[in-house]
Amino acid sequence: MTGQRVVIVGAGQAGSDAAAALRERGFTGTVTLVGEEGAVPYQRPPLSKGFLAGRTAAAELELRPEAFYGAHGIDRVHRDPVVRIDREGTVVVLESGRTLPYDRLVLATGARPRTLPVPGAALTGVQTLRSLADAGALRRELSGARHLAVIGGGFIGLELAATASVLGVRTTVVEAGARVMGRTVGPEVSARLAGEHRAHGVELLLGREVTALEGDRKGHVRVVELNDGRRVPADVVVVGIGALPAVELAADAGLEVGGGIVVDARLRTSDRAVYAIGDCARFPSPYAPGQLRLEAVQNASDQARHVAAELCGASAPYTAVPWFWTDQYDLRVQIAGIVRAGDHRVTVGDPAGRFSVLCFRDGVLVGTESVNRPADHMITRRLLASPDGPRPTPDEAARPGFDLKTWQAPAPVSA
Ligand code: FAD
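What you are looking at is a predicted structure, and each value in this text was computed from that prediction instead of being measured.

Trainee: Would you mind going over the pattern of salt bridges with me for this structure?
Mentor: Two side chains carrying opposite charge are able to pair once their charged atoms lie near each other. Applying the stated criterion to the full structure yields 26 salt bridges. Between arginine 130 and aspartate 279 there is a salt bridge, and its shortest N-O distance comes to 2.9 Å. On the criterion of sequence distance, the pair formed by arginine 130 in the loop between strand 9 (126–127) and helix 4 (132–143) and aspartate 279 in the loop between strand 19 (274–276) and strand 20 (281–285) is long-range, its members being 149 residues apart. Of the two residues examined, arginine 130 and aspartate 279, each falls in the buried class.

Trainee: Help me understand the side chain of arginine 391 in this model?
Mentor: Position of arginine 391 among the secondary structure elements: in the loop between helix 9 (374–385) and helix 10 (394–398). The buried charged residue arginine 391 lacks any salt bridge, with aspartate 388 as its nearest oppositely charged partner at 7.4 Å. A polar contact of 2.7 Å, which involves the side chain of arginine 391, links it to the backbone oxygen of leucine 365. Apart from the residues lying within four places of it in its own chain, the contact partners of arginine 391 are Val364, Leu365, Leu383, Leu384, Ser386, Glu396 and Trp407.

Trainee: I keep staring at helix 9 and nothing clicks. Help me out?
Mentor: In an α-helix, one turn spans 3.6 residues; hence positions three or four apart end up facing the same way. With twelve residues, helix 9 extends 17 Å from end C-alpha to end C-alpha; this agrees with the ideal 16 Å at 1.5 Å per step. If you check which residues of helix 9 are buried, you get Asp376, His377, Ile379, Thr380, Arg381, Leu383 and Leu384. Among the structural elements, strand 22 (323–328), strand 23 (331–337), strand 25 (355–361) and strand 26 (364–371) are those in contact with the buried residues of helix 9.

Trainee: Can you help me understand unusual backbone geometry in this one?
Mentor: A negative phi angle is the norm for most residues apart from glycine, just as the trans form is the norm for most peptide bonds. Even without being glycine, arginine 79 reaches a positive phi, approximately 50 degrees. Take arginine 79: it is sitting in the loop between strand 3 (74–77) and strand 4 (82–86). Backbone geometry at tyrosine 329 places phi at a positive 55 degrees, although glycine is not the residue there. Residue position: tyrosine 329 is located in the loop between strand 22 and strand 23.

Trainee: When you look at the side chain of aspartate 264 in this model, what are you seeing that I'm missing?
Mentor: Take aspartate 264: it is sitting in the loop between strand 18 (261–262) and strand 19. Residue aspartate 264 is classed as buried on the basis of its relative accessible area, which comes to 18%. A distance of 2.9 Å separates a polar side-chain atom of aspartate 264 from the backbone nitrogen of arginine 266. Beyond its immediate chain neighbours, meaning those up to four positions away, aspartate 264 contacts Arg272 and Pro284.

Trainee: Looking at this structure, I do not really get the sheet that holds strand 18. What am I missing?
Mentor: The pairing of strands in a sheet happens through backbone hydrogen bonds and is either parallel or antiparallel. Spatially, 18-20-21 is the arrangement adopted by the three strands of the open sheet, whose pairing is mixed. The sheet is open, and its two borders are formed by strand 18 and strand 21 (288–292), each paired with just one other strand. Bridge count between strand 20 and strand 21: three bridges; the pairing is antiparallel. Bridge assignment links phenylalanine 283 to a residue of strand 21, and that residue is leucine 292.

About the criteria used
- All residue numbers here refer to positions counted from 1 along the written sequence of the relevant chain.
- A pLDDT threshold of at least 70 governs which residues receive local features in this predicted model, and a stricter bar of 80 or more applies before side-chain atom pairs are shown or counted, although totals over entire chains, interfaces and linings include all residues.
- To get the side-chain values, all heavy atoms of the structure are used, and hydrogens and water are removed first.
- The salt bridge criterion pairs a side-chain nitrogen of Lys or Arg with a carboxyl oxygen of Asp or Glu, the two atoms within 4 Å.
- Strands here are runs of E lasting at least two residues and helices are runs of H or I lasting at least four, both read from the DSSP assignment and numbered beginning at the N terminus.
- Each residue is placed in one exposure class: buried if its accessible area under a 1.4 Å probe, protein chains only, is under 20% of its type's maximum, exposed if it is over 50%, and partly exposed if it falls in between.
- Only four residue types enter the tally: Lys and Arg on the positive side, Asp and Glu on the negative side, with His and both chain ends excluded.
- Counted as a polar contact is a pair of N or O atoms within 3.5 Å, where, for protein atoms, one must be capable of donating a hydrogen and the other of accepting one, and residues adjacent in sequence contribute only when both atoms are in side chains.
- Residues count as neighbours in contact if any of their non-hydrogen atoms are within 4.5 Å of one another.
- Under the convention used throughout, the expected extent of a helix is 1.5 Å for every residue step, that is, one less than its residue count.
- By this definition, two strands are paired if DSSP reports at least two bridges between them.

Written as structure tokens, this is what we have:
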């Protein structure tokens, strides 16, 4: 691999991990990590949790200290995004006009928050939450806020609601669906989360949509207007209605895109010199039919390690078990595997306390959603990682006294 030039576009979780993994594997070519943000690559999960609450400092978010990159021969370009990929010339063009030649290109451009297509969305006090800059601005806004309205009851919106309510800010969540986190978890976990939010004084307005945002004479948001006529007072509004994969560069370069940058089982795009990983990539998975796009740290990190192995000569399909977590109040929700509506669900434990929902498709365990039952989560990941190993049946799981700990499988997985 000596002499090979790898350029990584996007200096987030996936990009930084890919650069580090290349060096860990002894890659001796050049590695250039290009980012549009100014900060040293950082973790996003604390942005809606510890950082927003003031418990975690910005420096603690860094994935690796700044000195790591230089010490490992990783050329870090920041605040200079890639604006064009010239596939014929095998160079990328940066906003500054600088060009970087590559032999292999890794797209790790992440995702960008959806914006709210209603009147008033550009008022001050209305924002999304994706970057450290967003979180810093929100932290300042919340310090003087009386009433926060969160649009969207997905994981980011709920984490934010939990943090804000604990900070003493009156919080309302408006969710178009019938239950919170409806795209990520089943009804049992949704109900548990909703109960916890209500117990902390968060108002949940479900099955309602925002029609407009109204501001004062200075152009600052004051009211969120809903489709049932209700007017929710708010001096800060956060729009958390999902994210769209950052595919523009890939699309402009003629790569196949569709709900993400489309890659094969080895994470290669339709151009074999170009890979895509993390939130921006849509990939085939043994854990679900069709192609998947996941927004999770696990996926970004595992795909980063996989692509580094590929660039060092390995060739194997990407088969890491998908998993995800969200922290709200004292609840840690963990999801292992890909669960779909229609899967058969068996609840183990106390749905008002600590519990897990084991999910089966065609009688086979395909995932577990856990609330404060980390052992169930870890065991499920091990079971899913051994496709030919034994797994509990739905009948066994439904028996009184069932304990997933009796189904430990030998294959180790990373924490
Ligand atoms: P990102 O980390 O978004 O990095 C992409 C980078 O590419 C960005 O820095 C972007 O600026 C840059 N970029 C884009 N285009 C260009 C370009 N043309 N040139 C140069 N750079 C470019 N996941 C969990 O598993 N658990 C959680 O609890 C959790 N909480 C979260 C809380 C918040 C508030 C957010 C925003 C996300 C959370 N996530 C969580 C999701 C997780 O952070 C993402 O899945 C992960 O960051 C994806 O990594 P990535 O590298 O694919 O994308």
